[in-house]
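Spelled out from the first residue to the last, the chains are:
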Amino acid sequence: MTGVSTTELHKTAFDAVQREETDSWTDWEGWAWAADFGDPVAEHHATRNACNMWDESALRKWDIRGRDALALADAVFTNDMAALEIGQVRYGAMCDEQGQMIMDGTIFKLADDHCFSITSYDSDIEQFRAVAADRGLDAAIEDRTAAMPHLQVQGPLCREVLGPITEGADVGSLRYFRFVPEGVTVGGVPVMLSRTGYSGELGFELYCAPEDAEKLWRAVKEAGEPHGIRPIGLSAIETLRIESGLLFPDIDYFPHQTDPLEVRLDNVVKLDSGDYVGREALRAIASAGTPRLLTTLRIEGDTVPEYGAAVTQDGRDAGILRSPCQSPTFDDQVIGMAAIDRELNEVGREVQVALGSGTVTATVAEFPLYDPQKKRPRS
C-alpha cells in the first residue's frame, strides 16, 4: 500500500536507508515493511536471474541459553534439533499436542548451551516458555528481534556480489544451512553469515548490529550494482515464495488448524524418534493420511482468484486456494498453492477454482512449480 502511515509501527534498523529508495510500505505484524521498490516484477526477475537484497529484520528472533537450550528446541520443533552441530541450521514445525502447526521456523546452534530461533509471530515465545516450564528445562528465552537486524542477499549471482567484500569466511564453500557466527565482515561490517534464505535461490543472510545496518546496506548495494542487484519488497517475495512452495502463516497454514503433513513438511517431521510436542498425534495423522495435501495449480486465464477461493471438482468441495499469483517466471501464468483432496493430487488432474460469480479451470502441477528438487538453493 503506497504511502501507508507507519508512524505507529516498529521500524527496522534498515528503515531509514530504504526510505531513500521507496515510499511504498505495508504493515505486517506491527512492523513497517517495504512493499516494493517501484517494480515488483523486475525485483522478482532480479532474484531469479541476478541478485536481490531484502530486509528481513522483523522476523522474530529468540535467543535460547542454558543447559537445556537444545533440549528445548528439540521439544518444541518436529525436526531433530538435538543432533545439530555447532554452526548448523535446521528447519521444522512447531506443533500443539494435537499435531496442528503453531508456526514454522529455524534453529541455529551456536554452542551446546546456546541456540537461537527465527519464527514469525510475537506469540511464538510463549510456546518456548510453556514447554520449558512444563518439562522443567533449564533454558532462558530472550527476544532479540530488534537487536539482530538482518539482510537477505539471494540469487544466482550472490556469491559474485558478496565474495569480494567478505572477509573471514569463504562464501563459495559455506555449506547449505550452515552459518559462521563471528569473525566475518561484509563491507567492513561485522556480521553473522548464514547460507539460508526465503527465495528458492542460492543465497545468504547477514546479521549485524543495528548501528551498522545502513553501512551494510550501502556496501552490499554498491558491490551488487555491476551484477544487477535490486532491493526487493514483500510484493516480490510473495510471487517468489508461491513459485517455490514456501509457506506463509495464516495463509498456507493456520495455527492450531493445519498439520505439517498437509503442507508437505513430512521431511522435517521425525515420527520415529524424539519427544517433541505433538509427536503421538502426528504419528496417528501420518498413519491415517492427511485428508488434503498442498499442491500447485495452474489456473486458466489472466485473472488471479482471491486468497481462500474454493476449489471444487464437478461441483463438489475439493479444497481451498491458499496463495495465488500471476507468476513472472512462468510467463505471467496464474498459479497458486492450494490444499486439495489427497486423491486429486495427480499432475494433470483438472479442478475448478471460484472466480467472481463462477469458476475457472485449473490443472494440478508439480509442487513446487519452480525447481521442485530445490537444486538451486543447494548449488
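As shown above, the structure is provided for reference.
In this numbering scheme, every chain counts its residues from 1 along its sequence in written order. Local features in this predicted model are restricted to residues of pLDDT 70 or higher, and side-chain atom pairs are both shown and tallied only at a pLDDT of 80 or more, whereas totals for entire chains, interfaces and linings draw on every residue. Derived side-chain values reflect all non-hydrogen atoms in the structure, with water molecules and hydrogen atoms excluded from consideration.

**Describing the packing of helix α2 (residues 40-49) against helix α7 (residues 234-244)**
Spelled out, the test is: A fitted line through C-alpha atoms serves as each axis, taken over the contacting stretch for helices, and the angle formed by two N-to-C directions is quoted from 0 to 180°. Comment: elements are numbered from the N terminus, with helices defined as DSSP H or I runs of at least four residues and strands as E runs of at least two. For classification, angles of less than 35 degrees are called roughly parallel, those exceeding 145 degrees roughly antiparallel, those between 65 and 115 degrees roughly perpendicular, and all remaining angles oblique. Here a crossing is called left-handed whenever its near helix is offset anticlockwise from the far helix by less than a right angle, and right-handed whenever the offset is clockwise. Contact between two residues is taken to exist if any of their heavy atoms lie within 4.5 Å; hydrogens are not considered. Only Asp, Glu, Lys and Arg are considered charged, only Ala, Val, Leu, Ile, Met, Phe, Trp, Tyr, Cys and Pro nonpolar, and every remaining residue, Gly among them, polar.
Where α2 meets α7, the axes come as close as 8 Å, and the angle between the chain directions of the two elements is 50°. Looking at the two axes, α2 sits oblique to α7. Pair α2 / α7 crosses with right-handed handedness. Contacts from Pro-40, Glu-43, His-44, Thr-47 and Arg-48 in α2 reach Ser-235, Ala-236, Thr-239, Leu-240, Glu-243 and Ser-244 in α7. Looking at the contact of α2 with α7 residue by residue, the classes come out as 3 nonpolar, 5 polar and 3 charged.

**Details of the packing of aromatic side chains**
Rule in force here: For Phe, Tyr and Trp, rings pair up if their centres lie within 6.5 Å, where Trp contributes its six-membered ring, and each pair is then called stacked (planes under 30 degrees apart), edge-to-face (over 60) or tilted (otherwise). The criterion for a charge sitting over a ring is simple: Lys NZ or Arg CZ within 6 Å of the ring centre, and within 35 degrees of the ring normal.
All told, the structure shown has 13 aromatic pairs when counted by the stated rule. An angle of 65° between the planes, with centres 4.8 Å apart, marks the rings of Tyr-176 and Phe-177 as edge-to-face. Across from the ring centre of Tyr-370, 3.8 Å away, lies the NZ or CZ of Arg-48, which sits over that ring.

**As for the sheet that holds strand β15 (residues 292-299)**
Rules: At least two DSSP bridges between two strands are needed for those strands to be called paired.
Here 6 strands make up a closed barrel; going around it, the order is β15-β18-β17-β16-β19-β20 and the pairing antiparallel. Each strand axis lies, on average, 45° off the axis of its neighbour in the sheet, ignoring direction. α7 contacts β17 (316-327) and β18 (333-341) of the sheet and is inclined by roughly 130° relative to β17.

**A word on the packing of helix α3 (residues 69-76) against helix α4 (residues 124-135)**
Where α3 meets α4, the closest approach of the two axes is 10 Å, and the angle between their N-to-C directions is 110°. By the angle between their directions, the pair α3 and α4 is classed as roughly perpendicular. The segment α3 lies against α4, with Leu-72, Ala-75 and Val-76 engaging Gln-127, Phe-128, Val-131, Ala-132 and Arg-135. Classifying every residue of the contact of α3 with α4 by side-chain character gives 6 nonpolar, 1 polar and 1 charged.

**Structural notes on the layout of surface pockets**
Our working rule: Points on a 1 Å grid over protein atoms alone make up a cavity when a 1.4 Å probe fits among them but cannot get out, and a pocket when they form an open set with protein on both sides within 12 Å along at least five of seven lines; lining residues each have an atom within 4 Å of a point. Grid points are joined across faces, edges and corners, and a volume is the space filled by probe spheres set on the points.
Of the pockets and cavities examined, the second largest pocket occupies roughly 330 Å³. Lining of the second largest pocket is provided by 16 residues; of these, Leu-110, Arg-144, Met-148, Pro-181 and Met-192 occupy positions nearest its centre. Top element by residues in the lining of the second largest pocket is strand β12 (residues 189-194). It accounts for 3 residues. A class-by-class count of the residues in the lining of the second largest pocket yields 10 nonpolar, 1 polar and 5 charged.

**Re the environment of Ile-102**
Selection criterion: When accessible area is computed with a 1.4 Å probe and restricted to protein chains, residues below 20% of their type maximum are described as buried, those above 50% as exposed, and intermediate ones as partly exposed.
Take Ile-102: it is sitting in strand β6 (residues 101-111). The exposure class of Ile-102 is buried, given its relative accessible area of 10%. Between the C-alpha atoms of Ile-102 and Val-89, which are 13 residues apart in sequence, the distance is 20 Å. Contacts of Ile-102, omitting those with residues within four sequence positions, involve Met-94, Cys-95, Asp-96, Asp-124, Gln-127, Tyr-253, Pro-255 and His-256.

**Examining empty space enclosed by the protein**
Where empty space is left can be seen by rolling a probe of water-molecule size over the atoms. Evaluated as defined, the whole model comprises 1 cavity of 30 Å³ or more. Approximately 60 Å³ is the volume attributed to the largest cavity. Forming the boundary of the largest cavity are Thr-12, Gln-18, Ala-32, Trp-33, Ala-34, Trp-54, Asp-55, Glu-56, Ser-57, Ala-58, Ile-232 and Gly-233. Of all elements in the fold, only β2 (31-34) and β3 (51-55) reach the threshold of two or more residues within the lining of the largest cavity. In terms of residue count, β2 provides more of the lining of the largest cavity than any other element does, 3 residues in total. Residues of the lining of the largest cavity, tallied by class, amount to 6 nonpolar, 4 polar and 2 charged.

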